[in-house]
Structures are given as C-alpha cells and as structure tokens.
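Chain by chain, the residues:
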Amino acid sequence: MNFDLPPELTAYVESIDSFIKSDILPLQYSNDNNRFFDHRREYTRTDWENGGIPSKQWEDLLQQARVLAQRNGFYSFALPKPYGGSGHPHTNLYMSAIRFHLASHPTYGGGIGLANDLQNEHSIVGNFPDLLMLHHFGSDAQRDTYIPARLRGEFRVTFGLTEPGHGSDATFMESEAKAVRGGYEISGVKKWQTGAHACTHLIIFARTGGKDGEGRGVTAFIVPRQTEGVRVVSYEWTLNMPTDHATVELDRVWVGSDAVLGKVDEGLAVAQTFVHENRIRQAASSCGAAKYCLDRSVERARERRIWGGKRLAENQAIQFPVVELMTQVEMLRLLILKTSWEMDRIEGDRPWVETERRLSDKVAMCNYWANRLVCQAADEAIQIHGGDGYSRHYPFEHIYRHFRRYRITEGAEEIQMRKIAAYLFGFGPKEKL
C-alpha cells in the first residue's frame, strides 16, 4: 500500500502554487483589492443598499481571477476534454487533493483569498455541476446552446430544488408543472436559489406526476430568468454576508417542452448527478480549512508568552484540544483521498449510480464530519487567539460563519448520518449487493 500522492499530482499542485504566486497574489494585493479579504471583507463585498447581494466590484475581481486561471489552463481542469478540460481519469482524487491544499495553505488558505474564496464557491480550479448536468442529461439542442454559453460565462443558473417548506425531503415538493399547450405551466416557490441576482436561467424541479414521497414524478426544467411569472421575492440575509440566496416565486410560468432537462418524471436523477463529487470536494475544503485553523493556532501558542515569559503552548489546556482536532484532520484527510480514489475507479456512462450504491456511505462520512470538524477547529482557533481571534483582523470568525452552512447544505448532517446508518444496519443500498 502506498499513501503518497502520485508524483504527477504533486507536480500539478506545485504548478498551481507557482501560478498563484506569479498572477493571483499580485492581483489580490494591487489597487486595494485586498479590502475584500482583510478585516473590511464583509463590508466591501456586500451591496448593502441593494438587498445585501454581492457588490459588482467584488464579483468583477473574482472574474478577473477566473479569466487568468482559464488562460493558464487551471480553471477548467475538472471538465471533460470536449469542453476544454483535462479529461483526467483521476479527477476526484486530484480535485480533493487540490481543494485540501488550497484551503490549508499558510499564505492563502482558510478559504479566504483570491485563489480560493469558498464563501461563493470561487476557485481558480473550477467546479461545474451545472455543466455536467447538461452534459449527461441535456438534449443535443440544450448541450449545443447552453454549454458553450456556460464556458463563455453567458449562461448562469440557479438550482431550484429546495422550497420554503421542504429541504432534504425533496420528494414532498409542492411546486407543480402541468402539461399545457405544447409545454408546461409551473407554479411554486423555491428558496435558497444561489446566484439568482446574476443568473440567466433557473433549473426548476417540479412535480409532474406521482405522489408525495415518491421519487418518480419530479421533472427538471430550464427556465429563462426573464420569463413572465418568475419573481425574486427576497434575498435572505445570512450568518455570512453578502447573500445571493433568493426566494423565487413562479406564478403560472409557461415553458416549452424543450425546456425539460432529462426525462419527464425522472428529474431527481438530474439532481443526483453531481452530489457525491460536490460532497467529497466540500469535505476536502472543510478538512483543509480545519488544518489551516489548527496550524495557525499552534503558531500562536508557540509565539505567545504569558505570565512572565511562559509560552502559551506549554499549557496542556491548549495542547490537548488541538491534538484531538489535528488527529481527526489527519485521519479524515486519508479517508477523503481514499474515497476519492475509489470514486475514480467506477466506470460507465452513469458513474453516480454506482457511486451511490457502493460509496455513498463513505462520502457521507467524509462530508458531515469534515463540516463539523472545521467549525470546531475555527472555534478553537478563536479561543487560542483570544480577543484577536474574535476580531475580524483574523480569519477565524469568517471561516466559522462560512463553513457552518455546510452542516445544513449539500444534505444536512443528520440526513447524511441517516444514510450511513442505512448502510451499516442493512436497510440501505448495500443490502442489494
């Protein structure tokens, strides 16, 4: 058994570091751009007079970084070759290693930086769940129209699954789509529509048949943002601002039959396309950010002198909590990499189906524990740094406020623990093996 990262992966990560040093950091520190990452970050990122959405200057800077990353061959790494990606056979392993590295790096880690700002899923090595949904489920016309536009930044979508009364229980959704005059009429309300302030389209899931609680009978639709009857009701202010999370109302919105993404009544399969990749990559970022917090805490404890010169690090009350959390980081990092490697070994046109059957429990373990762990590590870093840790001059309060959301999104941790229990106790997918 060999637990070392492949030499070519290590070399690729080193090339990313070189690019960040030569192109991204100079951009971050020019023209007072660092105001978006220092103690002013929440204030400068937020358009407080316009519903609390991201400020244009903030998003323009992120776009500059993405353009640089694309020009240098990093941004589209995870995409299939036909779309300008690497088509690498070990994409999940690479992405997990990259995400961990970027989030744990001592200079630009923690998920706050122009290279990798996790508050709005920005990274110089991009994630493209919407594009892959189109790739796997789109019609020829949808792929030919939307994928090139997506790569040019002209097609931007929200993901309309969650509703005010329904989150993880998507099979009980109240939004309906009725078949009418050559298309469908959609009515309902969707909540937490991330990116609604700048989207061109919405992927809306609505019930077209079946009964409450049944997976079959839900259909996915691609709905242009400017369609009559689509209305943003509000932007939900959150623990970490700015917000681009909207509540969207659809009042008898008509779309043609060509707006269906995938098959009628089988829309939940579309929603499941990228869930495991998203969860394992999020776990890698959370685990990396946890290590960042703990590394900074060790540095602080070794440097800080109290009570006549005694180092803070000499106190077991400081040592033991960090030891426990760092032990968890190291164990979790290995499980994330192993699970990512196993995901890459699954072949076929619909790998997410086999991933659900064989590895969904391991992905859930990685994700729910990493998201809990980073919150604990950030909290411990705040405590060890004292008043400084509580201030916005250090990143820990921001890290806590951001990563706390992932204990709810991408499947609440209770849902993921329930999935693991189903595997362990024999009433989940593994009973069919």
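Please refer to the structure placed before this passage.
Not measured: the values here are computed from a predicted model.

A look at the overall build of the chain
- Secondary structure summary: the chain contains 13 helices and 12 strands in total.
- A compact globule built from 433 residues should have a C-alpha radius of gyration of about 22 Å, and the chain, at 22 Å, falls within 12% of that.
- For the chain, restricting intrachain contacts to residue pairs at least 6 apart in sequence, the fraction spanning at least 24 positions comes to 71%.
- Just so you have it, the chain exposes about 20,300 Å², and 51% of that area is on carbon and sulfur atoms.
- Separation of charge centres in the chain, based on 52 positive and 55 negative side chains, amounts to 2 Å.

Comments concerning the packing of helix α5 (residues 129-137) against helix α6 (residues 140-151)
- Interaxial distance between α5 and α6 falls to 10 Å at its minimum, and their mutual angle equals 160°. Here α5 lies roughly antiparallel to α6, going by the angle between them. Seen from above, α5 lies across α6 with left-handed handedness. Along the contact surface, α5 presents D130, L131, L134, H135 and F137, while α6 presents Q142, R143, Y146, I147, R150 and L151.
- Split by residue class, the contact of α5 with α6 holds 6 nonpolar, 2 polar and 3 charged.

Re the packing of aromatic side chains
- Scanning the model with the defined rule gives 16 aromatic pairs in all.
- Connected via pairs of aromatic rings, a cluster forms that spans Y12, F19, F74, F77 and Y94.

A short note on a nonpolar patch on the surface
- Taken together, the side chains of M1, F3 and L334 define a hydrophobic patch exposed on the protein surface, amounting to about 420 Å² of accessible area.
- Relative to the assigned elements, L334 resides in helix α9 (residues 316-344).

Considering the pattern of salt bridges
- Counting across every chain of the model gives 27 salt bridges.
- Taking the shortest distance from any N to any O, the salt bridge between D130 and R150 comes out at 2.7 Å. Placement of the pair is D130 in helix α5 and R150 in helix α6, with a sequence separation of 20 residues.
- Owing to a relative accessible area of 16%, R150 belongs among the buried residues under this scheme.
- Where D295 meets K291, a salt bridge forms, and the shortest distance between an N and an O atom there is 2.9 Å.

Reading the values: the criteria
- Residues numbered from 1 in each chain as written.
- Predicted model: local features only at pLDDT ≥ 70, side-chain atom pairs only at ≥ 80, totals over all residues.
- Heavy atoms only, no water.
- Helix = DSSP H or I, 4+ residues; strand = E, 2+ residues; numbered from the N terminus.
- Rg over C-alpha atoms; globule rule 2.2 N^0.38 Å.
- Contact = heavy atoms within 4.5 Å.
- Areas by Shrake-Rupley, 256 points an atom, 1.4 Å probe, with all protein chains shown as cover.
- Lys, Arg positive; Asp, Glu negative; His and termini not counted.
- Charge placed at Lys NZ, Arg CZ, Asp CG, Glu CD.
- Axes fitted to C-alpha atoms, helices over the stretch in contact; angles between N-to-C directions.
- Parallel < 35°, antiparallel > 145°, perpendicular 65-115°, else oblique.
- Left-handed = near helix turned anticlockwise from the far one by under 90°.
- Nonpolar A, V, L, I, M, F, W, Y, C, P; charged D, E, K, R; others polar.
- Phe/Tyr/Trp six-rings, centres within 6.5 Å; stacked < 30°, edge-to-face > 60°.
- Patch = residues over 30% accessible without salt bridge, like charges linked within 9 Å, V, L, I, M, F, W, Y side chains within 5 Å.
- Salt bridge = Lys/Arg side-chain N within 4 Å of Asp/Glu carboxyl O.
- Buried < 20%, exposed > 50% of the residue type's maximum accessible area, 1.4 Å probe, protein only.

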